[in-house]
Amino acid sequence: MARKFGEYIAYRVVLAIFVILGVITVVFFVSRIIPSDPAALWVGAHPTKEAIEKAREELHLNEPVIKQYFYYLSSLLHGDLGVSIRTHNPVTQDLKSAFTATFELILVSEFIAIIIGIILGVYSAVKKDSWLDNLSRILAISGVSLPTFWFGMILQLIFFKYLEILPLAGRVDSVVILEHPLRTITGFYLLDSLITGNFVVFVDALKHIILPAITLAMYPIGLITRQVRSMMIEVLQENYIRTAWAYGIPPKKIYFKYALKNAIAPALITVGLSFAYTLIGAFLVELIFNWPGLGRYAAYSILSMDYPAILGVTIIAAIAYVFINLIVDLIQVYLDPRIEL
């Protein structure tokens, strides 16, 4: 079994490499088809003809596209994603700080989505056709159908403008970070502030992440709630659940230990797919909340036709998507013995 599991992992890793290579290839050639002049963008405002020609040579833009592609792959193998046309910094350097900000936001939003989605899904199935079930179904449908930008702005109006209890935007207050400098270890503000004992920054960072995390979590909450509810309704009809009732086992133990264990496996696929959505959905949410992550970086890069940065963000998103799906598949295989390797 262990050998087959190892072979399965190796097989999936090889497939993942081909998927990522395919994404890189498609995005690279599409970026070269779009009518634009990266050399003119590179030299900035009021470029001279000589400066543009020099930039073309530096960026290998005079070479055939296929040769540019192999130059890019060669650099990529050495961990070099090129230099951003907009910021003139190495793309890896820009992505490093943006990635930790986005990943921290995604982790918090996924945590919120999984906890709320599972609890709502379980109680919605247990109290089927009751007011609680109807309410959770309305919430689930609303979470899936409401536009993210609209919901985010409504939260800003309520909690910032009217209640004045949460900040409007940003990752941390600039005054707080000046008075209480944060020593960066992992790039995750919540974790770094806890590790270094900087609780003032921790509280401020927590306040700043609540609204964007809830906004980003709404769609996954809807998906997870609906998936868990439908699977729990089926599982609760099984004979072993009736037997558990007959033995007088406490309801919470039946719901969350026996029934949920068998209902959760299909929901894991939803969690994996929702993670991918969260990564893409973060683009808009980061713009609304001025969150200095991958989404805001990608949006500015797209507006300025910054090809190296767009490719860098795409590669990071593809790797994250493939990796999360691989992890979800492995957990599903581990939890459900009916799945053949």
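Nothing here was measured: the structure is a model prediction, and the numbers come from that model.

(A) Region of the structure containing the overall build of the chain. A count of helical and extended segments in the chain gives 14 helices and zero strands. Projecting the C-alpha coordinates of the chain onto the three principal axes gives extents of approximately 85 × 55 × 40 Å. Out of the 341 residues in the chain, the part that is buried amounts to 40%. Intrachain contacts of the chain at a sequence separation of at least 6 include 71% that bridge at least 24 residues.

(B) Representation of unusual backbone geometry within the structure. A positive phi angle, close to 65°, is found at Asp129, a residue other than glycine. By secondary structure assignment, the location of Asp129 is in the loop between helix H5 (91-126) and helix H6 (131-145). Here Asp129 falls in the exposed class, since its relative accessible area comes to 55%. In this structure, Glu164 takes a positive phi of about 55° despite not being glycine. Among the secondary structure elements, Glu164 is positioned in the loop between helix H7 (148-162) and helix H8 (174-179).

(C) Seen up close, helix H13 (residues 294-303). By the burial criterion, the buried members of H13 are Leu294, Gly295, Tyr297, Ala298, Ala299 and Ser301. Of the residues flanking the end of H13, it is Met305, one or two places downstream, whose phi is positive at about 55°.

(D) Spatial organisation of the packing of H5 against H6. The contact between H5 and H6 brings their axes to 8 Å, and the two run at 140°. The orientation of H5 relative to H6 falls into the category oblique. Of the two elements, H5 crosses H6, and the hand of that crossing is left-handed. Mapping the contact onto sequence places Leu120, Tyr123 and Ser124 in H5 and Leu132, Asp133, Ser136, Arg137 and Leu139 in H6. For the contact of H5 with H6, a count of residues per class yields four nonpolar, two polar and two charged.

(E) Layout of the packing of aromatic side chains. Taken as a whole, this structure holds nine aromatic pairs when the rule is applied. Seen from their ring centres, Phe99 and Phe103 are 5.3 Å apart, and the 15° between their planes marks the pair as stacked. With a gap of four residues between them, Phe99 and Phe103 both fall in helix H5, about one helical turn apart. A residue is classified by how much of its surface remains accessible, and Phe99, at 30% relative accessible area, is partly exposed. The exposure class of Phe103 is partly exposed, given its relative accessible area of 24%.

(F) Focus on the nonpolar core. Ranked by size, the top nonpolar core spans 25 residues in total, and within it Leu105 and Leu216 carry the most contacts. Elements that contribute at least two residues to this core include exactly H5, H7, helix H10 (199-235), helix H12 (251-288) and helix H14 (307-335). Look past the residues within four positions of Leu216 in its chain and what remains in contact with it is Leu105, Ile106, Ser109, Thr278, Gly281, Ala282 and Val285.

(G) Focus on the side chain of Glu286. Structurally, Glu286 is set in helix H12. There is a polar contact of 3.3 Å between the side chain of Glu286 and the backbone nitrogen of Leu294. Here the side chain of Glu286 touches Gly295 through a polar contact of 2.5 Å, landing on its backbone nitrogen. The contact partners of Glu286, leaving out residues within four places of it in the chain, are Thr102, Leu105, Trp291, Gly293, Leu294, Gly295 and Arg296.

(H) Inspection of the pattern of salt bridges at higher detail. Overall, the coordinates contain four salt bridges when judged by the stated rule. In this structure, Glu63 engages Lys67 in a salt bridge whose closest nitrogen and oxygen atoms are separated by 3.5 Å. Its relative accessible area of 27% is what places Glu63 among the partly exposed residues. Through salt bridges with shared partners, a single ionic network connects Asp133, Arg137 and Arg229.

(I) Geometry of a nonpolar patch on the surface. Taken together, the side chains of Leu146, Phe149, Trp150, Met153, Leu284, Leu287, Tyr300 and Leu303 make up a nonpolar region of the molecular surface, amounting to roughly 760 Å² of accessible area. Every element with two or more residues in the nonpolar patch is listed here: H7, H12 and H13. Tracing the backbone shows Tyr300 in helix H13.

(J) The arrangement of the environment of Lys261 in detail. Summarising the element assignment, Lys261 is placed in helix H12. With relative accessibility at 55%, the residue Lys261 sits in the exposed group. Along the chain, Lys261 and Met232 lie 29 residues apart, while their C-alpha atoms are 9.7 Å from each other.

(K) Quick look at the UniProt feature "transmembrane region" (unreviewed entry) in the chain. When the UniProt feature table is mapped onto this chain numbering, "transmembrane region" (unreviewed entry) sits at residues 12-34, 105-126, 138-159, 199-222, 263-289 and 309-335. Taken end to end, residues 12-34 is 96% helix and 0% strand, and its first and last C-alpha atoms sit 33 Å apart.

About the cut-offs
- Residues numbered from 1 in each chain as written.
- Predicted model: local features only at pLDDT ≥ 70, side-chain atom pairs only at ≥ 80, totals over all residues.
- Heavy atoms only, no water.
- Helix = DSSP H or I, 4+ residues; strand = E, 2+ residues; numbered from the N terminus.
- Buried < 20%, exposed > 50% of the residue type's maximum accessible area, 1.4 Å probe, protein only.
- Contact = heavy atoms within 4.5 Å.
- Axes fitted to C-alpha atoms, helices over the stretch in contact; angles between N-to-C directions.
- Parallel < 35°, antiparallel > 145°, perpendicular 65-115°, else oblique.
- Left-handed = near helix turned anticlockwise from the far one by under 90°.
- Nonpolar A, V, L, I, M, F, W, Y, C, P; charged D, E, K, R; others polar.
- Phe/Tyr/Trp six-rings, centres within 6.5 Å; stacked < 30°, edge-to-face > 60°.
- Core = buried A, V, L, I, M, F, W, Y, C linked by side-chain atoms within 4.5 Å.
- Polar contact = N/O pair within 3.5 Å; in protein donor to acceptor, adjacent residues only side chain to side chain.
- Salt bridge = Lys/Arg side-chain N within 4 Å of Asp/Glu carboxyl O.
- Patch = residues over 30% accessible without salt bridge, like charges linked within 9 Å, V, L, I, M, F, W, Y side chains within 5 Å.
- Areas by Shrake-Rupley, 256 points an atom, 1.4 Å probe, with all protein chains shown as cover.
- UniProt positions renumbered as here; feature names shortened; annotations may be inferred.

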